[in-house]
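# Inside the fold
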Amino acid sequence: MESKILNRNSYNKNAKDWEEKFSLNNYTHSHIEKPAMLNILGDIKGKDIICIGCGSGEEANLLYERGANVVGFDISEELIKIAKQKYPNINFYVGDAEDFKLEEKFDVAFASFVAHYFPNYKQLLSNTSVLLKENGEFIFSIIHPIKRAMVKEIVGEKKYTILGNSKLTDGSLDTLYGDYLNSKEMKVKFSDGFKMIHYHTTIGEQIRDILDSDFEIIDFVEPKPTQSAKEEYPDKYEIDSKVPEVLIYHLRKKG
Ligand SMILES: C[S@@+](CC[C@H](N)C(=O)[O-])C[C@H]1O[C@@H](n2cnc3c(N)ncnc32)[C@H](O)[C@@H]1O
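Notes on the structure follow. Keep in mind the model is a prediction, meaning the values are calculated, not measured.

Each value, and the rule that gives it
- Residues numbered from 1 in each chain as written.
- Predicted model: local features only at pLDDT ≥ 70, side-chain atom pairs only at ≥ 80, totals over all residues.
- Heavy atoms only, no water.
- Helix = DSSP H or I, 4+ residues; strand = E, 2+ residues; numbered from the N terminus.
- Buried < 20%, exposed > 50% of the residue type's maximum accessible area, 1.4 Å probe, protein only.
- Contact = heavy atoms within 4.5 Å.
- Salt bridge = Lys/Arg side-chain N within 4 Å of Asp/Glu carboxyl O.
- Pairing = 2+ DSSP bridges.
- Polar contact = N/O pair within 3.5 Å; in protein donor to acceptor, adjacent residues only side chain to side chain.
- Near = heavy atom within 4 Å.
- Areas by Shrake-Rupley, 256 points an atom, 1.4 Å probe, with all protein chains shown as cover.
- Nonpolar A, V, L, I, M, F, W, Y, C, P; charged D, E, K, R; others polar.
- 1 Å grid on protein atoms, 1.4 Å probe; cavity = no way out; pocket = protein on both sides within 12 Å on 5 of 7 lines; lining within 4 Å.
- Points joined across faces, edges and corners; volume = space filled by probe spheres on them.
- Axes fitted to C-alpha atoms, helices over the stretch in contact; angles between N-to-C directions.
- Disulfide = S-S within 2.5 Å.
- Phe/Tyr/Trp six-rings, centres within 6.5 Å; stacked < 30°, edge-to-face > 60°.

### Topic: the overall build of the protein chain
Along the backbone of the protein chain there are ten helices and 13 strands. Dimensions of the protein chain, computed from C-alpha atoms along their principal axes, come out at roughly 65 × 40 × 40 Å. By the burial criterion, 49% of the 255 residues in the protein chain qualify as buried. Within the protein chain, contacts between residues at least 6 apart in sequence are counted, and of these 67% link residues at least 24 apart.

### Looking at the pattern of salt bridges
Scanning all chains against the criterion turns up 17 salt bridges. Here K34 ties to E33 by a salt bridge, and the two come within 2.8 Å at their closest N and O atoms. One exposure class covers both K34 and E33, and it is buried. A salt bridge links E245 to K147; the shortest N-O distance between them is 2.5 Å. Taken as a pair, E245 in the loop between helix 10 (234–240) and strand 13 (246–253) and K147 in helix 7 (residues 145–149) lie far apart in primary sequence, 98 residues in all.

### Some words on the pairing of strand 10 (residues 184–191)
Here strand 10 runs beside strand 11 (residues 194–200); their pairing, made up of seven bridges, is antiparallel. Residue pairing in the sheet places E185 in a bridge with Y199 of strand 11. Hairpin connection of strand 10 to strand 11: two residues between the antiparallel strands.

### Thoughts on the side chain of D209
With respect to the helices, strands and loops of the structure, D209 is situated in helix 8 (residues 203–211). There is a polar contact of 2.9 Å between the side chain of D209 and the backbone nitrogen of Y121. Once you skip the residues sitting within four places of it in the chain, D209 turns out to touch N120, Y121, K122 and L125.

### Side note on the site of the ligand
Near the ligand there are 20 residues, and of these K34, G53, E59, D74 and A97 occur at the shortest range. Taking E59, its side chain carries an N or O atom lying 2.9 Å from a nitrogen atom of the ligand. About the coverage of the ligand: the protein hides 98% of its 590 Å² of free accessible area. Those elements giving two or more residues to the shell around the ligand turn out to be helix 1 (2–13) and helix 3 (27–41). Looking at the shell around the ligand residue by residue, the class counts come to nine nonpolar, six polar and five charged.

### With respect to empty space enclosed by the protein
The full count for this structure, using the stated rule, is one cavity of 30 Å³ or more. Here the largest cavity is characterised by a volume of approximately 50 Å³. Lining of the largest cavity is provided by H116, Y121, I142, I143, P145, R148, Y199, H200, T201 and Q206. Where the lining of the largest cavity is concerned, the elements lending two or more residues are strand 5 (132–143), helix 7 and strand 11. The residue inventory of the lining of the largest cavity, partitioned by class, reads five nonpolar, four polar and one charged.

### Remarks on the sheet that holds strand 5
Spatial strand order, 3-2-1-4-5-13-12: seven strands in an open sheet with mixed pairing. Each end of this open sheet is capped by a strand with a single partner; those strands are strand 3 (91–94) and strand 12 (215–221). Adjacent strand axes in the sheet meet at a mean angle of 20° when their direction is disregarded. Across five bridges, the pairing between strand 1 (residues 48–52) and strand 2 (residues 69–74) is parallel. The residue of strand 2 that forms the bridge with I50 is V71.

### Regarding the state of the cysteines
Scanning all chains against the criterion turns up zero disulfides. Unpaired in terms of disulfides, C51 finds its nearest cysteine sulfur in C54, a separation of 5.3 Å. Residue C51 is classed as buried on the basis of its relative accessible area, which comes to 0%.

### Some thoughts on the packing of aromatic side chains
A ring pair, where both rings are aromatic, is described by two values, the distance of the centres and the angle of the planes. Counted according to the given criterion, the structure contains 16 aromatic pairs. The interplanar angle of 25° and the centroid separation of 6.0 Å between the aromatic rings of W18 and F190 together place this pair among those described as stacked. Highlighted residues: W18 in helix 2 (residues 15–21) and F190 in strand 10, separated in sequence by 172 residues. Its relative accessible area of 28% is what places F190 among the partly exposed residues. Relative to F194, the ring of F190 has its centre 5.1 Å away and its plane inclined at 70°; by these criteria the two rings are edge-to-face.

Now the structure itself:
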């Protein structure tokens, strides 16, 4: 898949930037997604966890510090180089989430903001199932598809982030903003030289892939920002406590 090569090259080229400016330092990670993911994980002392798309290793280390036996892998060789240097106690590998295999089987597979790199979840789900023990759990997060469906528009002096439409007073359509129902490839930019391809898919399509897989859904979480975000980032908090930013699936491998 062409997008896979493009994304891997982009993470390789920007590995240092990812480690320093994004990773756990990014607001969405630190104030919405990671706290929610860790909350779902609960007590992981002694559990065997595979961290899929582990980036430069910070989140694998968070799990390690909570007492789990952690293995991490990522498609980017340069990110894995950083992870190995920073966290020598953890085993890291280069691998693709759609076909990476190990002899060892895990209690939990954890994939933070990785699934939106795939146009559908079929191969990710079937490969992750092979990595897990019987009844193993798969917890993964994505940018919320409603957020993905919104567009940024400048109207007059205001910047809108919007999904919906405007109508004239006679009821006829004026302008349509955004598109939720049609899945699509999306060009995403973290900074000028840090670009990648994500995929927007609807929640219905995601659930269909899960229903067709070895997994059952045990929870579906749309987290709000933490209380500390309210103090540190009041504007973002105001928005993200009402408009969804992150979606998390908690799955269990069927026995
Ligand atoms: C947004 S980053 C998230 C990194 C880390 N999980 C975190 O939350 O800090 C997405 C990661 O997924 C990795 N990735 C993208 N496609 C992948 C694939 N097919 N297999 C494994 N990793 C992949 C990227 O290299 C990158 O490290």
